[in-house]
Amino acid sequence: TYLASHELPMSVLELVGNLDSNDRHALFTLIIELRLGVNTIKEVLTHLDEIVLREGSSITQILNSEQIQHVLADDNLPGPQKAEQVRRIIRTLRYPQFTELEQRYNRVCQQLPIPKGVRVQADRFFEDDRLSVAFQFQKPEDLQRIAEELRELAKQPELSEVLKLIQGKANESV
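Below is a short write-up of the structure. (Residues numbered from 1 in each chain as written. Predicted model: local features only at pLDDT ≥ 70, side-chain atom pairs only at ≥ 80, totals over all residues. Heavy atoms only, no water.)

Observations regarding a nonpolar patch on the surface
So, point 1. Nonpolar side chains collect at one region of the surface, where Val133, Phe135, Phe137 and Leu143 lie side by side and expose about 320 Å² of accessible area between them.
So, point 2. A relative accessible area of 34% means that Leu143 is categorised as partly exposed. (Patch = residues over 30% accessible without salt bridge, like charges linked within 9 Å, V, L, I, M, F, W, Y side chains within 5 Å. Areas by Shrake-Rupley, 256 points an atom, 1.4 Å probe, with all protein chains shown as cover. Salt bridge = Lys/Arg side-chain N within 4 Å of Asp/Glu carboxyl O. Buried < 20%, exposed > 50% of the residue type's maximum accessible area, 1.4 Å probe, protein only.)

Here is the structure:
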C-alpha cells in the first residue's frame, strides 16, 4: 500500500498512533487518497490537532466536512491540486483570522498600480508593520521612471489600506 511504501518517520507514526481508531482511519484514508508527503502529513496533523483542541470536534468530523469532501469528490482536480486545496482548507480552519488578513492583503495589493519591475512585500506572517520595496535598474533613466511611479503609488488610497491592514488598523476610517 501507499503507507507501507512510504516509510513514515517514527514521529509521524507516534502522532497518528495516539489518535482514536476513527480519526486514524480518516487520516490514513486522506493520506492514501492524496498521496501526502511526510512534511504535509505533519503540517496537516498538527493543524487538525489544534483545531480539535480549540473546537472540541474530531479529526473525522473535520475531514468529513462538506468543504473537504467536495474537494475530494472533484474528479476534475488532479491529486496534487486536491492535496493543496485540502491543505489550504485545514490551514484556514486553523488560522481563520490570519487567512482572512492574508486574503484581504492580496485583494488590495492586486488593485495597486505597482510599477513594472518593482516588488512590494510585507512580512510573510505580518509581524512587521512595514512594507519593503525592491527594484532593479540598468540606467539612470530607469531609476528616474521608477522613482516617479513610486511617487504616484504613494498617493494611492489602496497603499494606505495595505498599510492599515498590516499595522492592524484595517477597521479605522481612512
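Read on, since the account is not over.
Overview of the pairing of strand 1 (residues 118-122)
So, point 1. Of the two faces of strand 1, the one holding Val118, Val120 and Ala122 is buried and the one holding Arg119 and Gln121 is not buried anywhere.
So, point 2. Relative to strand 2 (residues 131-135), strand 1 is paired through five bridges, and the arrangement is antiparallel. Residue pairing in the sheet places Gln121 in a bridge with Ser132 of strand 2. (Helix = DSSP H or I, 4+ residues; strand = E, 2+ residues; numbered from the N terminus. Pairing = 2+ DSSP bridges.)

Some details on helix 3 (residues 21-34)
So, point 1. The first and last C-alpha atoms of helix 3 sit 20 Å apart over 14 residues, in line with the 20 Å expected at 1.5 Å per residue.
So, point 2. Among all positions in helix 3, only Asp23, Ala26, Leu27, Leu30, Ile31 and Leu34 are buried. Angularly, the buried residues of helix 3 cover 135° about the axis, an arc narrow enough to put them on a single face. Every exposed residue of helix 3 that faces more than 90 degrees away from the buried side is listed here: Asn22 and His25.
So, point 3. Structurally, the start of helix 3 carries an N-cap: the backbone nitrogen of Asn22 is 3.0 Å from a side-chain oxygen of Asp20.
So, point 4. In the segment just after helix 3, Arg35 is the residue with positive phi, at about 50°. (Expected span 1.5 Å × (residues − 1). Arc of directions from axis to C-beta. Polar contact = N/O pair within 3.5 Å; in protein donor to acceptor, adjacent residues only side chain to side chain.)

As for the pattern of salt bridges
So, point 1. This structure, assessed with the given rule, holds ten salt bridges.
So, point 2. A salt bridge links Arg91 to Glu102; the shortest N-O distance between them is 3.0 Å. With Arg91 in helix 7 (residues 79-94) and Glu102 in helix 8 (residues 96-111), the pair connects residues that are eleven residues apart, well separated along the chain.
So, point 3. Among the ionic pairs, Arg145 bridges to Glu149, the shortest N-O distance being 3.0 Å. Here the residue Arg145 and the residue Glu149 both occupy positions in helix 9 (residues 140-153), the gap between them amounting to four residues, near one helical turn.
So, point 4. Overlapping salt bridges bring together Glu43, Glu84, Arg87 and Arg88 as one network.

Notes on the packing of aromatic side chains
So, point 1. Here the structure, examined in full by the defined rule, presents four aromatic pairs.
So, point 2. Ring centres of Phe98 and Phe125 lie 6.2 Å apart, and the angle between their planes is 35°; this geometry places the pair in the tilted category. Pair noted here: Phe98 is in helix 8 and Phe125 is in the loop between strand 1 and strand 2, with a separation of 27 residues, a long-range link.
So, point 3. A centroid spacing of 5.3 Å and a plane angle of 70° characterise the contact between Tyr105 and Phe126, whose relative ring orientation is edge-to-face. Here Phe126 lies in the loop between strand 1 and strand 2 and Tyr105 lies in helix 8, a separation of 21 residues in the sequence. (Phe/Tyr/Trp six-rings, centres within 6.5 Å; stacked < 30°, edge-to-face > 60°.)

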